[in-house]
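Residues per chain, in single letters:
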Amino acid sequence: MNTAARFFVGLNLGVNACWAFVPPASMEIKTYHTLTDSSRKPFGSSFEKFQLEVSRSTLKSSSLAKKKLFGPSQLFAAVLDGTSSAVNEDDRSDSVNVVLVTGFESFNRDLYEQAGAIVPVECKLNLQVFADSDIRTTNEGINENFANAVKNADAFIGSLIFDYDDVVAISSMLPHVRGPRLIFESATELMAFNRVGTFNMQSSGDGPSGPPPAVKSILKKFSSGKEEDKISGYLKMLKMGPDLLKFVPGEKASDLRTWLEAYRYWNQGGMNNVKAMLQLITQKWLLENENGDLEKVSSLELPDLEITPDVGLLHPLLSNYAANPKSYVSWRLSSECKELAKQQKFKLAPNDAPRVAVLLYRKHVITNQRYIQDLIRYFELEGIVPIPVFINGVEAHTIVRDWLTSQREIDGVSKGVISRDSTYKPNEATSVDAIVSTIGFPLVGGPAGSMEAGRNVDVASQLLKSMDVPYVVASPLLLQSIPMWKSNGVLGLQSVVLYSLPELDGAIDTVVLGGLVGDKIALVPERVRKLCSRLKGWIDIRKTPPSERKVSIMIYGFPPNVGAVGTAALLDVPNSLENILKRLHREGYDVGDFATNQDACGESLVAALTIQCENSVIAAGADRMQCAIEQRMERARNGDKTVPETLARPGGGLGRATVRGVDMSFDELEKILGKFMTKKVRRAWSEKERGPGINAKGEMVVSGLQVGNVWITVQPLLGVEGDPMRLLFERDLTPHPQYCAAYEWMRLPQERGGVGTQAVIHLGMHGTVEWLPGQPLGNDRQSWSDELLGGLPNIYIYAANNPSESILAKRRGYGTIVSYNVPPYGRAGLYLELANLKDLVNEYRTVESANGRSDLKEAIFATCEKCGINSDVAVPFNLSELSTISIDVFDEWIANISNYLVELEERLFSSGLHTIGRETSDEELSSYLNAYFSNKLSEEEIKNAITAWHQKEKTNHSHSFLSWIQDFAHNFMGDVIDSKLDAADNSLLQEATNIIELLARSSSEEMDSVVNALDGGYVLPAPGGDLLRDGTSVLPTGRNIHALDPYRMPSAGAWARGERAANEIIRQHRESNNGAFPETCAVTLWGLDTIKTRGESIAIVLSLVGARPVKEGTGRTVCFELIPLNELGRPRIDVLASLSGIFRDSFANVVDLLDDMFERAAFADESPDMNYIKKHTMDLETSGTERPAARLFSNPPGDYGSMVNEVVGSGDWDNSDSLGEIWKGRNSYSYGRKEGGGGVRSGTWRPEVLDKLLSTTDRVVQEIDSIEYGLTDIQEYYANTGALKKAAENRKEMDNTGRKKKVAISVIEAFGGTSDSAEVPVKDVEDVLRMEYRSKLLNPKWRDAMIEQGSGGAYEVSQRMTAMVGWAATSKVDNFVFDQAAERYALDEEVSKKLQKSNPEAFKNVVRRLLEANGRGMWETDEDTLEKLRNLYSDADDLVEQIASSFN
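In this text the structure is predicted, and so the values were computed from the model without any measurement.

Caption draft 1: Spatial organisation of the overall build of the chain. Across its full length, the chain carries 58 helices and 39 strands. Counting over 1448 residues, the chain shows a buried share of 63%. Here the analysis covers contacts within the chain between residues at least 6 apart in sequence; of these, 75% occur between residues at least 24 apart. Accessible surface, the chain as shown: approximately 51,100 Å² in total, 47% of it carbon and sulfur.

Right, here's the structure in full:
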């Protein structure tokens, strides 16, 4: 892997950046650099408290270094305890001992060894070649053979070495090397050890020594002036440097020339060049040390440099490299090429086939890696004309900018809407239909561009947007073997190279093409075919006229029987669906009569699809479904209130949409799915248990609505009724037959009887195809999402605030994400009893007479009791003391009540649902701004800014936006408003107007991006998040959202905030436990909050343990060092880290670092009384438990979820204790670098360790990252955090009252402050639940906004009622919450009618959950209320049954 320029990056890319900083060899190296000390230089090795006092021939260790501080296996034991003494000169042979480490180019090991064998014998070369896998032993000690080789080395050569542990190990050995040390394109820490004679890359005291002044002036000539081109400019300098330095006098320049000469030979590669490099080094050593036959040695001539162009194009039929794409295409389409192909029996793609640019590593080309030629052959075989361009790795953007174009770009230039860069070379460029990069990394800067992740994203995205063709990253794995990938997916740094960094540029459809077999790179032909099929899918849809394109839209209906059809998180699906169809009509797509029929609506489409999902309708088969819908339409016209009223419209409001479906037998499925995968399905699903979607004849029913060329369907259920998520929790299980049939029939060409879909839209967050069994990362042939999606372009409309789960949709489900905004924010305000309480408090404060105040005391107290406020604001007296309590005490209580009411009144919530394709109203704009600015801008200022923006949109006024607002205010709204605007902070007004514009753009660009993706175009990337937490970087929406570089967590801000949160958690625990520290805290680590907070939850774990992040020179977090106890000043808290499946898979590097930290803490030389990790580890060791230091637990490998929410949803559970045991059973797998075997990282079943940790857990910690997803909004919080709490409580001993000790939950609302806040609010879960229920579910304002959303809003209400039961089972829900929920939704006649009318199943679930809560002892109420609820449930049940049985 040519990770060029880590060595010339230095983060400012100045001329001296080439010369890395390192202390003089005689100087002590302090080897740690943390986030908390920005004054330390970012160079030098970075491992915890490890110090080396080095000279040229000795390596001594400090007492600290001899302790087990880098890991229990004592990584440096061999060096520090056995091999660190000086090397006797007598021990060295007369040979020139050269050690060469191949790093990430282990595939070149044979090349280096063969080149060494042909170096002239006079050079007396004794070459030992090591791959990176040879540096350390399996238990992480230094390999003895490697240590001895370096100890006796006269020269050292290393290339492409980046693994942190390898860097530290090699750094500790390099001082032994007597002579030249040449390190090429490796970590900056290693680059600092470069030395040839008088030239080195170490510090000269007040700055980098660097080259002589004359050389510096030469180097400046290589800059092109473009920031993004500097790195490639340095590459040119390095290659031309030796020739230029011939004319620079001085020994230092001569030695620098030697280093550059060696680098140039290495960079050019190939047998003869490597031989020349080795000869150069050995000759120089022999001559300088007067060793050997000096006359013969000096007479040896260096071979001429064999030069390969920096960039070029190749083909198996082409004898030389093509100079540019245009000349290559001319040759490729020529009769000469056809004749060569005929002679060599080489199959070429047709000349009119799609053309795809393929970016290749130059180093792989010049070292004749076979996979390069194979890749080109496979492309041709699959009917694609490849344009294979090899590059060093850092110039990818220059190829796209200067050498490539597209028909879309050509058309845009001719129309004057696109302007090309001045560097574009029309006489050398060619047009392509797609771009494939096998390089990975960012497009701009390649490996060097990864040093500051996202630094040049704007440059890359604008280049790709101008091209507007798919940008795909696909490559064989260079850091993993194929068996390792097959066993456990793509891991660690490889995942960052292939996924995380390219996704910043908007890369899609990443395909693993192969990997290492031994030291060689091999392709998996089937994976290359997969890549080609996906490329052709995107290209074919662009080449198909819109009127002929066949598109499928998939909506969701999970979980079953609760009114979920046509719902998605935060999205109004029916109206969004309607808007999409109308926009497609305007773009020329065939949507039948839907767009022109004034009666057609999305609600009718969803209603008709809901009918198709009913079990009785499915049983009758696809052929009877049209009849079922027509019968329901007739009933609606006859006034039947059990049927959605839109079906009463002419044509049912369907716009002449008709049912299109099939009843498929298993044999028919096998014909399209193939025998291999069908065999798996048959084995998993017997004839007696075929799963859902089966008709009375045992056939699989697949159906949807055909609207012109658009087929709309409901994604099949993932599991089976009674066990709806079964699929997720049995790894060997497959999708049920009907699930497979639905996707296969959707893709099946029309001529074979299928839908013939060319692209699918998954509408909303989220579906299930990306969660199917298969590789966690890096799909293979047996991954079900890979099989079912095939080559189908997948446009996935996804909530912008969830970059975590969108990663799975993107990576496992090949989703091109188009983000949609979160709904507007509302403030809770006060209502009913709460508003009355506020009035009473205000009245009490204004009454002057003692008698008047006394009269109000009882009313205030009674109202507080009714509202449940006494649970949140402690009452320092009893009711009987009310008349005698002192005025000061009562007034203080009143002040606390007032403060709580203010907090509640200002509490934000997500209001209603978002609709794609609908303009943002002024009211919604105001709500976003009000939430964003809080009290910084007044309502009037916000209103005026919006009004001014509207006026500005109607004109082409040339003033700046802010000046325009002020002009408008003065000229049209009078001096009063003008003065108010002038009084406001101009920077805030500018920010407000910017947000208004971005929100307005979101409304249009969401739909624009859907349309462009359907046109086979490029969707601009953006970070996922929400406006309040992440600011304007997440706007506009309509973007292909991505996460962040997992190697840069926690960020500095996240570390500061997480540290404060941990301190507050400890403080609160000690305050409520007589000063005792918590022995164990269970901390939930989820992908979503980790991404959105930049790693705050990770920082909390570190801070509780007493550790801090360590960063190496490029900013990567490489270690978590333990803070000495005397500095920490308290015991180390043990931590049970509960990992979500997404965190486990997406942040494998963090999991490894945490595991390493816990291992070191467990065996640290500290008292167990001050180290609870060690204390608990010792207890486990006494009982003979394996891996007692394991602390990171999650679901089985490849599985997701606790299953608790599924059990609660079905009602199939006995008591709350059982929910804790379900959680424990699903989370007993330990993860980390110490888990797995044979080099394969995987989870290990360790229930004994988990039992111990749960038994000592005193507190659970949960972060909430956004307003939209609070504890009460989704099922996952109680199903994981709540159930974890129950699992811990189940293991507590009974106290003298016969009760088990309660475990507290500390909740950190991460959206409630910023990293520079003085305090981080940490609240008990019960307090947060009450606050959330009051501000949302029980709030008429929230309720009414949700009910207005129709069936989707009713479903949202229903789901929160289920979650309420889940929280009551695992924690505590106050009685008043159930009381008021019943009043607001079931017993309010008007509301209940609306719910029942819009979504009968959802209303039934609302009533069912209230009755269930009473039946399980969660809620106490009177018999009259229960009787009313029973009657409502009976009526609702009859209604649902009536609907279900209306078609037989």
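Caption draft 2: Looking closely at the packing of aromatic side chains. Under the counting rule described, the total for this entry stands at 26 aromatic pairs. On the basis of an interplanar angle of 80° and a centroid distance of 5.6 Å, the ring pair of Trp-711 and Trp-745 is categorised as edge-to-face. Pair noted here: Trp-711 is in strand E22 (residues 710-714) and Trp-745 is in helix H29 (residues 737-747), with a separation of 34 residues, a long-range link. This pair shows no difference in class: Trp-711 is buried, exactly as Trp-745 is.

Caption draft 3: Inspection of the environment of Leu-832 at higher detail. Turning to its location among the elements, Leu-832 is positioned in helix H32 (residues 832-846). Taking C-alpha positions, Leu-832 is 9.7 Å from Cys-867, a pair spaced 35 residues apart along the chain. Not counting chain neighbours up to four residues away, the residues in contact with Leu-832 comprise Pro-1340 and Arg-1384.

Caption draft 4: Structural detail: the pattern of salt bridges. By the definition in use, this model includes 93 salt bridges. Residues Lys-1428 and Asp-1424 are paired through a salt bridge, measuring 3.6 Å at the closest nitrogen-oxygen approach. Remark: Asp-1424 and Lys-1428 occur in helix H58 (residues 1423-1444); sequence separation between them is 4 residues, near one turn of the helix.

Caption draft 5: Quick peek at the packing of helix H27 (residues 666-673) against H29. Direction vectors running N to C along H27 and H29 enclose 50°, while the axes themselves pass 10 Å from each other. On the basis of their axis angle, the class for H27 and H29 is oblique. By crossing handedness, the relation of H27 to H29 is classed as left-handed. Together, Phe-666, Leu-669, Ile-672 and Leu-673 of H27 and Pro-737, Cys-740, Ala-741, Glu-744 and Trp-745 of H29 make up the contact between the two elements. Residue composition of the contact of H27 with H29, by class: 8 nonpolar, no polar and 1 charged.

Caption draft 6: Representation of the nonpolar core. Within the largest apolar cluster, 266 residues are counted, with the highest numbers of intra-cluster contacts made by Trp-259, Met-277 and Leu-763. Element by element, the count of residues in this core is highest for helix H39 (residues 986-1014), at 10 residues. Not counting the four nearest positions on each side in its chain, Leu-763 is found in contact with Ile-553, Met-554, Ile-555, Tyr-556, Ala-568, Leu-571, Val-573, Leu-577, Ile-580, Ile-797 and Ile-916. By size, the runner-up hydrophobic cluster in this structure holds 99 residues, among which are Val-847, Trp-893, Ala-1287 and Leu-1337.

Caption draft 7: Region of interest: the sheet that holds strand E21 (residues 700-707). Taken in spatial order, the 7 strands of this open sheet run E20-E21-E22-E19-E23-E24-E25, and their pairing is mixed. A single partner strand is all that each edge strand has here, and the edge strands are strand E20 (658-664) and strand E25 (815-820). Averaged over all pairs of adjacent strands, the angle between their axes in this sheet comes to 25°, without regard to strand direction. Note: strand E24 (residues 794-799) against E25, 6 bridges, orientation parallel. Bridging across to E25, Ala-799 finds its partner in Tyr-820. Across the sheet, helix H24 (residues 602-612) touches strand E19 (551-555), E20, E21 and E22, and the angle it forms with E21 is around 165°. Sitting on the sheet, helix H26 (residues 625-637) touches E20 and E21, and the angle it makes with E20 is about 145°.

Caption draft 8: Summary view of the side chain of Ser-806. On the secondary structure map, Ser-806 appears in helix H31 (residues 803-811). A distance of 3.3 Å separates the side chain of Ser-806 from the backbone oxygen of Asn-802, its partner in a polar contact. Among residues more than four places away in sequence, those in contact with Ser-806 are Tyr-798, Ile-817 and Ile-1041.

Caption draft 9: Local environment of the sheet that holds strand E30 (residues 1080-1085). Overall, mixed pairing links the 8 strands, which are arranged E36-E35-E34-E33-E30-E37-E38-E39 in an open sheet. Unpaired on one side and paired on the other, strand E36 (1244-1245) and strand E39 (1322-1324) mark the two borders of the sheet. Two strands pair when backbone bridges link them, and E30 and strand E33 (residues 1134-1139) are joined in this way by 6 bridges, in the parallel orientation. When the sheet's bridge partners are listed, Val-1083 is paired in E33 with Ala-1137. Packed on one face of the sheet, helix H50 (residues 1247-1256) meets E30, E33, strand E34 (1192-1194), E36 and strand E37 (1257-1264) and runs near 95° to E37.

Conventions and cut-offs
Residues numbered from 1 in each chain as written. Predicted model: local features only at pLDDT ≥ 70, side-chain atom pairs only at ≥ 80, totals over all residues. Heavy atoms only, no water. Helix = DSSP H or I, 4+ residues; strand = E, 2+ residues; numbered from the N terminus. Buried < 20%, exposed > 50% of the residue type's maximum accessible area, 1.4 Å probe, protein only. Contact = heavy atoms within 4.5 Å. Areas by Shrake-Rupley, 256 points an atom, 1.4 Å probe, with all protein chains shown as cover. Phe/Tyr/Trp six-rings, centres within 6.5 Å; stacked < 30°, edge-to-face > 60°. Salt bridge = Lys/Arg side-chain N within 4 Å of Asp/Glu carboxyl O. Axes fitted to C-alpha atoms, helices over the stretch in contact; angles between N-to-C directions. Parallel < 35°, antiparallel > 145°, perpendicular 65-115°, else oblique. Left-handed = near helix turned anticlockwise from the far one by under 90°. Nonpolar A, V, L, I, M, F, W, Y, C, P; charged D, E, K, R; others polar. Core = buried A, V, L, I, M, F, W, Y, C linked by side-chain atoms within 4.5 Å. Pairing = 2+ DSSP bridges. Polar contact = N/O pair within 3.5 Å; in protein donor to acceptor, adjacent residues only side chain to side chain.

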